[in-house]
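One letter stands for each residue in the lines below.
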Amino acid sequence: MSRHRVRRRRWSRGAAQGAAAAVALAAVLTTLAATHDRVEPAASPAALEQAPVVQEVLAAPAALTRDRPTAAERRRARLAELAEKRAEQRRKKAAAPTTSFRVASINTLGDSHTAAGGNKARYASGVDRTRNLIGILTSQGVDVAGLQEFEVSQRATFNRLTSVWQVFTGTERGHDSIVYRGDVWEFVTGGTGTIPYFHGNPVPMPWVTLRHRATGREVSFISIHNPTSNPQRGNNAAERAEATRREIAMVRTLAQSGNPVLLLGDFNERSEAFCAVTGGGDIGAANGGSVGGSCAPPPDAGIDWIFGTTDIGFSDYLRHQDAVVARTTDHPVIVARATITEPLP
């Protein structure tokens, strides 16, 4: 078949289809015209107004054309929403169980200092002094404590002498620990960070999260010991500053879980440590002083500190040092009551 014949057939088929479409369109238009010319009596304006759809349309304009809320109305709505949120927070806080406990920080004077050849040989051995330590914790009503210079022999004696207290060091080579009463707290999780000690040598920084058995509140604790500066060890100010920076970072990391955090230890600094730790406004000291803003350390502060996130209330702060303490360690015993009333996370 020639190419010209194929083209003619295709043209004929398209023309026929177009004609059919034209006829159909004409029929539709004729029907519409007939409908338009017919006016039913029920289609009068009065009757249309009674139709359900028309009634809805007639009732709608007020809602459809209502003005947007004014700036004052939007502000009142925001304030009402904020007030409701604050009221809900107060309701949750009122319903939250209050968690209160006695916390301590004690440099126990390591056994290596009092052993033969040590620099504190006038003291009894660390093993002998550990019995005094348990008595001090008991007499002060302590529930949890950060201990520094708590060496292997002292920990072994501590564990042998008491079953009430549990010890978390995180690593066998560590000299800092968190001890807690097993009848008050249960272990949740724990670990260690690292801070620089003499001449930058790394030492472990233990942390632990405990759950208060009576209230279910989880609280995290860190025990630290920053290096001193002296003629024998040299100037370790830079190492202390870096250690403190890491300790603050650890507090903030643990606080991301929503749990309160306590930082306990021998910082070997007074105002320098205080200003660094509290300067961010999210951590305060058990013995008072400023939190954020211009630094104002508490009076008569030593180098041993109890710090905590600002969701912890402190009271009954004590730097305890009597004859028993003086026979046990060359540091005072730092004790305070910590109270937490915030809702559980």
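A. Expanded view of the overall build of the chain. Secondary structure summary: the chain contains 11 helices and 12 strands in total. The proportion of buried residues among the 345 residues of the chain is 38%. Long-range pairs, those at least 24 residues apart, make up 64% of the contacts in the chain between residues at least 6 apart in sequence. For the chain, the accessible area works out to roughly 19,100 Å², and carbon and sulfur atoms hold 54% of it.

B. Local environment of the state of the cysteines. A full pass over the atoms with the stated rule returns one disulfide. The side chain of Cys275 participates in a disulfide bridge whose partner is Cys295; the two sulfur atoms lie 1.9 Å from each other. Disulfide Cys275 to Cys295: torsion about the S-S bond roughly -85°, handedness left-handed. Of the two residues, Cys275 sits in helix α10 (residues 271-278) while Cys295 sits in the loop between β9 (283-285) and β10 (304-309), which places them 20 residues apart along the sequence.

C. Region of the structure containing helix α8 (residues 152-161). Among the residues making up α8, those that are buried are Gln154, Arg155, Thr157 and Phe158. Within α8, the buried residues cover an arc of 165° as seen down the axis, which keeps them to one side. The inward-facing, buried residues of α8 abut α6 (111-114), α7 (126-139), β3 (165-168) and β4 (177-181).

D. Region of the structure containing the environment of Gly126. Tracing the sequence through the fold places Gly126 in helix α7. A C-alpha to C-alpha distance of 8.6 Å links Gly126 and His113, two positions 13 residues apart in sequence. Here Gly126 is in contact with Asp111, Thr114 and Gln154, once residues within four sequence places are set aside.

E. Representation of the sheet that holds strand β12 (residues 333-340) within the structure. Spatially, the six strands line up as an open sheet ordered β3-β4-β2-β1-β12-β11, and their pairing is mixed. The strands lining the two open edges of the sheet, one partner per strand, are β3 and β11 (313-320). Each strand of the sheet is rotated relative to its neighbour by a mean of 20°, with strand direction disregarded. Both β3 and β4 contribute to a ladder of four bridges, which runs antiparallel. The residue of β4 that forms the bridge with Phe168 is Ile178. Seen against the sheet, α8 touches β3 and β4 and runs at an angle of roughly 155° to β3.

F. Region of the structure containing the sheet that holds β10. Read from one edge of the open sheet, six strands run β5-β6-β7-β8-β10-β9, paired in mixed fashion. Edge positions in the open sheet fall to β5 (185-196) and β9, since each of these has one partner strand only. Ignoring which end each strand starts from, the neighbouring axes of this sheet average 20° apart. Pairing analysis gives three bridges linking β9 to β10, with the strands arranged antiparallel. Note that in β10 the partner of Ile283 across the bridge is Thr309. On top of the sheet, helix α9 (residues 237-255) reaches β5, β6 (202-212), β7 (218-225), β8 (261-266), β9 and β10; it is set at about 150° to β5, its chief contact. Along the sheet, α10 contacts β8, β9 and β10; its crossing angle with β10, the most-contacted strand, is approximately 5°.

G. Layout of a positive patch on the surface. Positive charge collects at one region of the surface, where Arg68, Arg74, Arg75 and Arg78 lie side by side. Assignment of secondary structure puts Arg68 in the loop between α4 (61-64) and α5 (71-95). For Arg68, a relative accessible area of 77% corresponds to the exposed category.

H. The arrangement of empty space enclosed by the protein in detail. Enumeration over the complete set of coordinates arrives at one cavity of 30 Å³ or more. Looking at the largest cavity, its volume works out to about 40 Å³. The element best represented in the lining of the largest cavity is α7, accounting for four residues.

I. Layout of unusual backbone geometry. Its identity as a non-glycine residue notwithstanding, Leu109 has a phi of 65°, on the positive side. The topology assignment puts Leu109 in the loop between β1 (99-107) and α6. Overall, Leu109 belongs to the buried group, its relative accessible area being 2%. One non-glycine residue with positive phi stands out, namely His199, at about 55°. Residue position: His199 is located in the loop between β5 and β6. For His199, a relative accessible area of 56% gives the class exposed.

J. α9, seen in detail. For α9, with 19 residues, the first-to-last C-alpha span of 27 Å sits near the 27 Å given by 1.5 Å per residue. Every buried residue of α9 is accounted for by Glu239, Arg240, Ala243, Thr244, Glu247, Ile248, Met250, Val251 and Leu254.

K. Broad picture of the environment of Glu149. By the element assignment, Glu149 lies in the loop between β2 (144-148) and α8. A relative accessible area of 14% places Glu149 in the buried class. Side chain to side chain, Glu149 and His113 meet in a polar contact 3.4 Å long.

Rules behind the numbers
- Counting from 1, residues in each chain are numbered in the order their sequence is written.
- Per-residue local features of the predicted model are confined to residues with pLDDT of at least 70, and side-chain atom pairs are confined, for both listing and counting, to 80 or more; whole-chain, interface and lining totals are unaffected and use all residues.
- Only hydrogens and water are set aside when side-chain values are computed; all heavy atoms of the structure are taken into account.
- Note on conventions: DSSP H or I runs of at least 4 residues are helices, E runs of at least 2 residues are strands, and numbering of each starts at the N terminus.
- Accessible area is worked out with a 1.4 Å probe on protein chains only. A residue is then buried under 20% of its type maximum, exposed over 50%, and partly exposed in between.
- Whether two residues are in contact is decided by their heavy atoms: any pair within 4.5 Å suffices.
- We get accessible surface area from the Shrake-Rupley algorithm with a probe of 1.4 Å; when it comes to residues, only the shown protein chains can shield them.
- Criterion for a disulfide: a pair of cysteine sulfur atoms at a distance within 2.5 Å.
- Think of it as the arc spanned by the lines of direction from the helix axis to the C-beta atoms.
- Any two strands between which DSSP finds at least two bridges are classified as paired.
- Axis lines are fitted through C-alpha atoms, for helices just across the contact stretch, and the angle between N-to-C directions can take any value from 0 to 180 degrees.
- The residues that make up patches have over 30% relative accessible area and no salt bridge, and they are joined within 9 Å when like-charged or within 5 Å when they are Val, Leu, Ile, Met, Phe, Trp or Tyr.
- Any Lys or Arg side-chain nitrogen found within 4 Å of a carboxyl oxygen on Asp or Glu counts as a salt bridge.
- Lys and Arg are tallied as positive, Asp and Glu as negative. Neither His nor the chain termini are counted.
- A charge is said to be at NZ when it belongs to Lys, at CZ for Arg, at CG for Asp and at CD for Glu.
- A pocket here means an open set of points on a 1 Å grid, computed over the protein atoms alone, that has protein on both sides within 12 Å along at least five of seven lines. A cavity is instead a set of points where a 1.4 Å probe fits but cannot get out; residues with an atom within 4 Å of a point line either one.
- Grid points are joined across faces, edges and corners, and a volume is the space filled by probe spheres set on the points.
- To estimate how far a helix should reach, multiply one less than its number of residues by 1.5 Å.
- Distance and chemistry together define a polar contact, namely a pair of N or O atoms within 3.5 Å, with one atom able to donate a hydrogen and the other to accept it when in protein, and with adjacent residues in sequence counting only for side-chain atoms on both sides.

The quantities given are spatial measurements derived from coordinates; they are silent on function.
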